[in-house]
Amino acid sequence: MNYENFVKKIHGEFEMLAERKGLSGRVVIRDIVKNNNVHLKSISVVNDENRATPTIYLESYYEEFCQGKDISDIANEIFEMYIMNSCGLNFSMEDFMNYSYIKNKIAYKVINYDMNREMLKTVPHLHILDLAIVFNIVIEEDAYNSATAMIKKEHLDMWQVSKKEIEEVALTNTPELMPPVIMRMEDLLAEMIINDISMQWDDEDEQEQWDFVKEDCAYGGHPKEKVSEYVREEIEKMKDDKIDMYVLTNEKRINGAGTMFYDGLLKKFADKIEKDLIIIPSSVHEVILIPKDNEISDEEINEMIGEVNENELETVEILSNHMYLYCRRDDRIYM
């Protein structure tokens, strides 16, 4: 079954589930243009209450289908995901139209300028270096979900506000809505490994989940605190003593590359380590900071960035193909 037929089949299965479960509204399939001009198919429900509803993208589910998963099981999984994500949404079209209500929810993110030229024709933005700062409304933010809506030029007309005001509001709001995090690369890797191990734990026994790792998991049979200690020790052994790397992102780890433009943040960090900074745009979600010295050439760094973008990242996550340099003296980022 090709992708188009898969989408049609999921549409039909979802509609039957919605009718059976008493979910009101019209089930729709949309072609969504995401970052870097990536087109994705999504499924959602248009309801009569004009309230925000989750958008579920279908590409990853098609991969599961191609790997042999039953399409009915996939439809059930998508429906359950939709219902679960619906519980946290409490945002209506009336809310969206009320600028006083959404003003404090406006934040910015950073994307590649050239890869989004078509989309940028329709949205207010700032062109900085070879990047663009665009503006979102943070509809919902909690420990599990993040829902945003991009601000378009037509919205400024509806709210009767200027682009300049949106910029000023976003520059103030974003560090508060998405506080920055700078951490050693080793600590981030350890965090990712520990989280991966924790996902293998048995949720049925809460005491066991939080105190001991299951025997059939990595580091099985050991207390959680001990596992964290083991992982961090192993990561430290792997560290390259010649190069210190730091990850700059936000607490949500989503669209965190924009933290590089937070007022005074790079200056404070660079002054602390007393060096200029190489900025590696590892993705739209984070950047890597390396103290500037002669251990690694700019050419080597740019080659590494290109390889990662081509072989490791989804197109939608790419930020840029080259490094930037932050100069302490000038308090400025250069290409």
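Here is what the cut-offs are and how they apply
Residue numbers run consecutively from 1 along every chain, following the written order of its sequence. With pLDDT at 70 or above as the cut-off, local features in this predicted model cover only qualifying residues; side-chain atom pairs require 80 or more to be listed or tallied, and sums for whole chains, interfaces and linings still use all residues. The side-chain numbers reported here are obtained from all heavy atoms of the structure, hydrogens and water having been left aside. Known as pLDDT, the predictor's per-residue confidence is scaled from 0 to 100. Whether two residues are in contact is decided by their heavy atoms: any pair within 4.5 Å suffices. Geometry is summarised by axes, namely lines fitted to C-alpha atoms with helices restricted to the contacting stretch, and by angles between N-to-C directions that run from 0 to 180 degrees. Put simply, DSSP H or I for four residues or longer makes a helix, DSSP E for two residues or longer makes a strand, and each gets a number counted from the N terminus. Roughly parallel refers to an angle under 35 degrees, roughly antiparallel to one over 145, roughly perpendicular to one between 65 and 115, and oblique to any angle outside these ranges. Each crossing gets its hand from how the near helix is turned against the far one by less than a right angle, where anticlockwise is left-handed and clockwise is right-handed. Charged means Asp, Glu, Lys or Arg here, nonpolar means Ala, Val, Leu, Ile, Met, Phe, Trp, Tyr, Cys or Pro, and polar covers whatever is left, Gly included. Type-normalised accessible area, obtained with a 1.4 Å probe on protein chains alone, sets the label of each residue: buried when under 20%, exposed when over 50%, and partly exposed for intermediate values. A 3.5 Å cut-off defines polar contacts: any pair of N or O atoms within that distance qualifies, except that in protein one atom must be a possible hydrogen donor and the other a possible acceptor, and neighbouring residues in sequence count only when both atoms are side-chain atoms. Here, a salt bridge means any side-chain nitrogen of Lys or Arg that lies within 4 Å of a carboxyl oxygen of Asp or Glu. A pair of strands is treated as paired once DSSP finds two or more bridges between them. Each patch is built from residues that are more than 30% exposed by relative accessible area and take part in no salt bridge. Like charges join if they lie within 9 Å; nonpolar side chains (Val, Leu, Ile, Met, Phe, Trp, Tyr) join within 5 Å. Only the protein chains shown count as cover for residues, and the accessible areas themselves come from Shrake-Rupley with a 1.4 Å probe. Charged residues are defined narrowly, with Lys and Arg counted positive, Asp and Glu counted negative, and His plus the chain ends left uncounted. Charge positions are represented by NZ for Lys, CZ for Arg, CG for Asp and CD for Glu. Expected helix span is taken as 1.5 Å per residue step, with the number of steps being one fewer than the number of residues. Our arc is simply the arc of the directions from the helix axis toward the C-beta atoms.

## Observations concerning the confidence of the model for the protein
Turning to step 1, where the next piece is worked out: On average, residues of the protein carry a pLDDT of 84, and 79% of them reach 70 or more.
Turning to step 2, where the next piece is worked out: Across residues 202–220 the pLDDT falls below 50, and counting only partners more than four positions away or on other chains, this stretch makes 36 contacts in the model.

## So, the packing of helix α1 (residues 3–21) against helix α3 (residues 71–86)
Turning to step 1, where the next piece is worked out: Running from N to C, α1 and α3 cross one another at 60°; their axes reach a closest spacing of 9 Å. Our classification of the angle between α1 and α3 gives oblique. Viewed along their axes, α1 and α3 form a crossing whose handedness is right-handed. Of α3, the residues touching α1 (which contributes Phe6, Lys9, Ile10, Glu13, Phe14, Leu17, Ala18 and Lys21) are Ile71, Ser72, Ile74, Ala75, Asn76, Ile78, Phe79 and Tyr82.
Turning to step 2, where the next piece is worked out: Across the contact of α1 with α3, the residue classes break down as 11 nonpolar, 2 polar and 3 charged.

## As for the side chain of His322
Turning to step 1, where the next piece is worked out: You can see His322 is positioned in the loop between α13 (298–311) and β12 (324–327).
Turning to step 2, where the next piece is worked out: Under the relative-accessibility criterion, His322 is labelled buried at 19%.
Turning to step 3, where the next piece is worked out: Reaching out from His322, the side chain makes a polar contact with the side chain of Asp130 at a distance of 2.6 Å.
Turning to step 4, where the next piece is worked out: Looking at His322, its side chain comes within polar contact range of the side chain of Ser320, at 3.5 Å.

## So, the pattern of salt bridges
Turning to step 1, where the next piece is worked out: A full pass over the atoms with the stated rule returns 10 salt bridges.
Turning to step 2, where the next piece is worked out: Of the charged contacts, one joins Arg329 and Asp330 as a salt bridge, the two residues approaching to 3.1 Å between their closest N and O atoms.
Turning to step 3, where the next piece is worked out: Among the charged side chains, a network of salt bridges with common partners joins Glu64, Lys69 and Glu77.

## Description of the pairing of strand β11 (residues 286–291)
It is a general feature of regular strands that their side chains alternate between the two faces of the sheet.
Turning to step 1, where the next piece is worked out: Burial within β11 is extensive, with 5 of its 6 residues counted as buried.
Turning to step 2, where the next piece is worked out: Here strand β10 (residues 277–283) folds back onto β11 in antiparallel fashion, the turn holding 2 residues.

## So, a negative patch on the surface
Turning to step 1, where the next piece is worked out: A cluster of like negative charges, contributed by Glu299, Glu300, Glu303, Glu307 and Glu310, occupies part of the molecular surface.
Turning to step 2, where the next piece is worked out: Positionally, Glu307 belongs in helix α13.

## Re α3
Turning to step 1, where the next piece is worked out: For α3, built from 16 residues, the straight-helix expectation of 22 Å at 1.5 Å per residue is met to within 8% by its first-to-last C-alpha distance of 22 Å.
Turning to step 2, where the next piece is worked out: All of the buried residues in α3 are Ile71, Ile74, Ala75, Ile78, Phe79, Tyr82 and Asn85. Taken end-on, α3 shows its buried residues confined to a sector of 135°, consistent with a single buried face. α3 presents Glu80 and Met84 as exposed residues on the side facing more than 90 degrees away from its buried surface.
Turning to step 3, where the next piece is worked out: In the core, the buried residues of α3 are packed alongside α1, β2 (38–46), β3 (56–57) and α2 (59–66).
Turning to step 4, where the next piece is worked out: Two or three places before Ser72, at the start of α3, stands the capping residue Asp70, its side-chain oxygen 2.9 Å from that residue's backbone nitrogen.

## With respect to the pairing of β10
Turning to step 1, where the next piece is worked out: Counting buried residues in β10 gives 7 out of 7 residues, a clear majority hidden from the surface.
Turning to step 2, where the next piece is worked out: As paired strands, β10 and β11 are joined by 5 bridges and run antiparallel to one another. Paired with Leu277 across the two strands is Pro291, which belongs to β11.
Turning to step 3, where the next piece is worked out: Where β10 meets β12, 3 bridges bridge the pair, whose relative direction is antiparallel. Paired with Leu277 across the bridge in β12 is Tyr326.

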